[in-house]
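Take a look at the letters that make up each chain.
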Amino acid sequence: MQGKSLKRTVVYTAMIVLAVLVLIIFWKFGNRNHYVFGTLLVICGMLPVICGFEKKRSQAREIVLISVMSALAIVSRMAFAIVPHFKPMAGIIMITGMAFGPTAGFISGMISLLISNFAFAQGPWTPWQMFAFGIAGFVAGLLYDKGIINEKKRIVTAIIGGIIVVLFVGPIMDTSTFFLADGMMGDVTPWAIYLSGLPVNAVHAAATVVTLFLLCPPMLERINRIKVKYEI
Amino acid sequence: MSKETAFAQINPMVCFIYIIGAMALCMFTIHPVAGFAVLFMTLLCYVNVCGRVVLKKLPLLLVVYMILSLSNPVFNTRGETILFTYFGGRPFTLEALCYGMVLSAMFISVMLLFGIYNRMMTSEKLIYIFGGLAPNMGLILSMVLRFVPHYGNQIKKISMARHIKEEGKYSKVTNLLSAMTTWSLEAGIVTADSMKCRGYGCGKRGRFSIYSFKRKDIVVLFLTILLFLTVMVCRVKGGLDAVFIPHIKIIGRDNIYFVIAMCAMVLYLAIPIVINVTEAVKWYILRLKA
């Protein structure tokens, strides 16, 4: 067991070092394609969490619970697309982070986006979306651990969820737009892209506030009941 | 859906590396001749892999291409040769137009490659790749793929059972999702305990796969890496250099690295076509014999 774990650590460390090396080589010799560089950077950002999750021998329950929450996020995105101003994806991912910890939130955010893009479309934006929603789950989990948000502070939680969307999810996805547009149109200032993305992000944030306000207390209550019942 | 093409049947790992490599080639090519050669080859590949139906999309692609190329000079006014001015003196330059045309060709090639990716890399192939590198992530992926349709059905059932109850739109959604949460988590715990009882997490871990690594896969992988490296080396040596602004300066035929890079690039993108066509010819001959 010890030997295998050590071997994995070595392999994963080698992977990350290799990724960084490839990045440096690209930056030095490529035509400084910003989109490729940025995307590789984002993937490098996801690697440590994935590796950490792979390295510890996870319990079956942990894996299944993350899958269940990701599937719920995806299904609610698809099933309630008709309900206006109700975009539950970010909300449910944040609730996952709050209930099962930052790592679980990050992974469920990544998986949800990856799989729901099979239904919509995979594109150059996929890694960025995965990272953005992963961060949303991660930050929500951290804040919950610090006791800043919880199911008792319904309004505060909802508003902080909205702030997370405006501060993290929106800008990360806008950055991907910026890199794509930068290649396409020549001189685009980043501020123009971030400003033009702001209305969309504001709508998304408002939808997340509504979702969290409605869903957070009942869902967390249900999850806590399950936690007590099965001693998780 | 038509049946899988011969190229889609090679090992998913090789397939994945190939497509990522092709995207990298596209994104690093700003040389006009190479750019249009790549666009032409990816278009051929796309038609070859996805069938002749996609030819209907060609006019749309052309429109997108025109819009993208023509919009570049609007945002980018640098360049020496001014074609005309508008809005009281804002120049529309030839250099920016050419740059826009090459960039749009690159953009459309990448989009076509994503089309090929969506067609060839089905979710089970992705699980195969993840399962090797990151077993836990692979397991989560395959579970989520199963849960999504399952939960969709359950949501329908619950909403049918609650149909008669009069409630507002939002409280309805909230109640539905709360019910779903309880149900899915309980079912999940049962699944997890059942997995544990059957010995999940003890002993050596195997994985299910229907894909083998054949000689053909090795050949394709070898060719992919070889051609990709050839192009990259030629790039570093300056074989694909092109400058558009302030005036156009591109590497021509007289540069040996340019010729090698072009050949390697076209060959790289021809791999799927060659495989598919060879397979088709083989079948044709077999049918003739029968």
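This text goes with the structure placed above it.
Everything numeric here is computed off the predicted structure, so don't read it as measured data.

The rules we used
- Residues numbered from 1 in each chain as written.
- Chains lettered and ligands numbered in written order.
- Predicted model: local features only at pLDDT ≥ 70, side-chain atom pairs only at ≥ 80, totals over all residues.
- Heavy atoms only, no water.
- Phe/Tyr/Trp six-rings, centres within 6.5 Å; stacked < 30°, edge-to-face > 60°.
- Helix = DSSP H or I, 4+ residues; strand = E, 2+ residues; numbered from the N terminus.
- Buried < 20%, exposed > 50% of the residue type's maximum accessible area, 1.4 Å probe, protein only.
- Axes fitted to C-alpha atoms, helices over the stretch in contact; angles between N-to-C directions.
- Parallel < 35°, antiparallel > 145°, perpendicular 65-115°, else oblique.
- Contact = heavy atoms within 4.5 Å.
- Nonpolar A, V, L, I, M, F, W, Y, C, P; charged D, E, K, R; others polar.
- Expected span 1.5 Å × (residues − 1).
- Buried area = accessible area lost by both parts, 1.4 Å probe.
- Salt bridge = Lys/Arg side-chain N within 4 Å of Asp/Glu carboxyl O.
- Polar contact = N/O pair within 3.5 Å; in protein donor to acceptor, adjacent residues only side chain to side chain.

Visitor: For the packing of aromatic side chains, give the residues involved together with the corresponding values.
Guide: According to the stated counting rule, one finds 9 aromatic pairs over all chains in the structure shown. Between Phe106(A) and Phe131(A) the ring centres are 6.3 Å apart and the planes differ by 80°, which places this aromatic pair in the edge-to-face class. With Phe106(A) in helix H5 (residues 102–119) and Phe131(A) in helix H6 (residues 126–146), this residue pair connects regions lying 25 residues apart in the sequence. Looking at Phe106(A), the relative accessible area reads 2%, which means it is buried. With centroids separated by 5.3 Å and ring planes inclined at 10°, the aromatic side chains of Phe147(B) and Tyr151(B) adopt a geometry described as stacked. Note that Phe147(B) and Tyr151(B) are positioned in helix H6 (residues 135–161) at a spacing of 4 residues, about one turn of the helix. Summarising the burial analysis for this pair, Phe147(B) and Tyr151(B) share the class buried. Clustering of aromatic rings is evident, with ring pairs tying together Phe106(A), Phe131(A) and Phe138(A).

Visitor: An account of the packing of helix H2 (residues 32–50) of chain B against helix H9 (residues 256–289) of chain B is requested, with residue identities and associated values reported.
Guide: All names here are of chain B. Remark: H2 packs on H9, axes separated minimally by 9 Å, with the N-to-C direction vectors making an angle of 5°. Between H2 and H9, the crossing angle belongs to the class labelled roughly parallel. On H9, the residues touching Val33, Ala34, Ala37, Val38, Met41, Thr42, Leu44, Cys45, Asn48 and Val49 of H2 are Phe258, Met262, Met265, Val266, Leu269, Ala270, Pro272, Ile273, Asn276 and Val277. Residues that form the contact of H2 with H9 fall into these classes: 17 nonpolar, 3 polar and no charged.

Visitor: Report on helix H1 (residues 12–27) of chain B, specifying residues and quantitative values.
Guide: The periodicity of an α-helix, 3.6 residues per turn, causes residues three or four positions apart to be oriented the same way. Across its 16 residues, H1(B) extends 22 Å between first and last C-alpha, which sits within 8% of the 22 Å expected from 1.5 Å per residue. For H1(B), the buried fraction is high: 12 of the 16 residues fall into the buried class. Where H1(B) is buried, its residues contact helix H2 (34–55) of chain A together with H2, helix H4 (94–120), helix H5 (123–133), helix H8 (215–236) and H9 of chain B.

Visitor: Account for the interface of chain A and chain B, naming residues and giving values.
Guide: Contacts between the two partners involve 66 residues from chain A, matched on the other side by 60 residues from chain B. Between chain A and chain B the total buried area reaches about 5,700 Å² when both faces are included, carbon and sulfur atoms providing 76% of it. In this assembly, chain A and chain B are joined by 3 salt bridges. Lys229(A) is the salt-bridge partner of Glu186(B), the closest N and O atoms lying 3.0 Å from each other. Joining chain A to chain B, the criterion identifies 6 residue pairs in polar contact (both at pLDDT 80 or more). Of all the secondary structure elements, the ones that give two or more residues to the side of chain A that touches chain B are helix H1 (2–29), H2, helix H3 (60–79), helix H4 (88–100), H5, helix H7 (154–185) and helix H8 (190–230) of chain A. Taken together, the residues of the side of chain A that touches chain B break down into 44 nonpolar, 13 polar and 9 charged.

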